[in-house]
Amino acid sequence: VPLVESGGGLVQAGNSLTLSCTASDSTFSRLAMGWFRQAPGKERQFVAATSWNGGSKDYHDSVRGRFTISRDNAKNTVFLQMPSLQPEDTGVYYCVASAIYGTDLIEEYPYWGQGTQVTVSS
């Protein structure tokens, strides 16, 4: 499933970004979708995931209550709203897809986008 992210950029701390990820495959609506991020010098980290219909969502503790994942199956698109960004949110954000919902393991997500850079300056 080809995935294409957009919406990254350079912002000051406290500002917001919304990432988008669009799939060019009709199987999108049957897949769990999520986001991982990789900060400089660190391993990739689970950020958030949503079930195929958006009815269930999960977040890493570091973003729970701050970031919001959502999806629009009619547009084959998943979003990550990121308000109140902090420098520790800096990294490359990857859109991911899986037939399995409820996992934060990298190996459970076979489909990955190319990544979009988010840089938060202090």
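Below, the structure is looked at part by part. None of the values given here were measured: they were computed from a predicted structure.

**Things to note about the packing of aromatic side chains**
Throughout the structure, instances matching the rule amount to four aromatic pairs. Ring centres of Phe36 and Phe46 lie 5.7 Å apart, and the angle between their planes is 80°; this geometry places the pair in the edge-to-face category. Of this pair, Phe36 sits in strand β4 (residues 32-38) while Phe46 sits in strand β5 (residues 44-50), and the two are 10 residues apart along the sequence. In this pair, the class of Phe36 matches that of Phe46, namely buried. Between the aromatic rings of Phe36 and Tyr109, the centroid separation amounts to 5.3 Å while the plane-to-plane angle is 70°, which identifies the pairing as edge-to-face. A residue pair is termed long-range when its members are at least 10 positions apart, and Phe36 in strand β4 and Tyr109 in the loop between β9 (91-98) and β10 (111-112) qualify at 73 residues. Overall, Phe36 belongs to the buried group, its relative accessible area being 1%. Under the relative-accessibility criterion, Tyr109 is labelled buried at 2%.

**Looking at the state of the cysteines**
The final tally for this structure, using the stated rule, is one disulfide. Note that Cys21 is cross-linked by a disulfide to Cys95, the S-S spacing being 2.0 Å. When the S-S torsion is -80°, as for the bridge of Cys21 with Cys95, the disulfide is left-handed. Remark: Cys95 occurs in strand β9 and Cys21 occurs in strand β3 (residues 17-23); sequence separation between them is 74 residues. Assessed through its relative accessible area of 0%, Cys95 is described here as buried.

**A word on the nonpolar core**
In terms of nonpolar packing, the biggest core is built from 25 residues, with Met33, Trp35, Leu80, Met82 and Tyr93 touching the most fellow members. Breaking this core down by element, the ones donating at least two residues are β3, β4, β5, β8 (77-82), β9 and β11 (116-121). One finds Phe36, Phe46, Ala49 and Tyr109 within the second-largest nonpolar core, a separate group that totals five residues.

**Structural notes on the pairing of β11**
Side chains Thr116, Val118 and Val120 of β11 all project onto a buried face; the interleaved residues Gln117, Thr119 and Ser121 project onto a face where none is buried. Taken together, the four bridges between strand β2 (residues 9-12) and β11 define a ladder with parallel strand orientation. Opposite Gln12, over in β11, you have Ser121 as the bridge partner. One ladder, built from three bridges, connects β9 with β11; its direction is antiparallel. Opposite Tyr93, over in β11, you have Thr116 as the bridge partner.

Reading the values: the criteria
- Residues numbered from 1 in each chain as written.
- Predicted model: local features only at pLDDT ≥ 70, side-chain atom pairs only at ≥ 80, totals over all residues.
- Heavy atoms only, no water.
- Phe/Tyr/Trp six-rings, centres within 6.5 Å; stacked < 30°, edge-to-face > 60°.
- Helix = DSSP H or I, 4+ residues; strand = E, 2+ residues; numbered from the N terminus.
- Buried < 20%, exposed > 50% of the residue type's maximum accessible area, 1.4 Å probe, protein only.
- Disulfide = S-S within 2.5 Å.
- Core = buried A, V, L, I, M, F, W, Y, C linked by side-chain atoms within 4.5 Å.
- Pairing = 2+ DSSP bridges.

So yeah, pure geometry; function would need other evidence.
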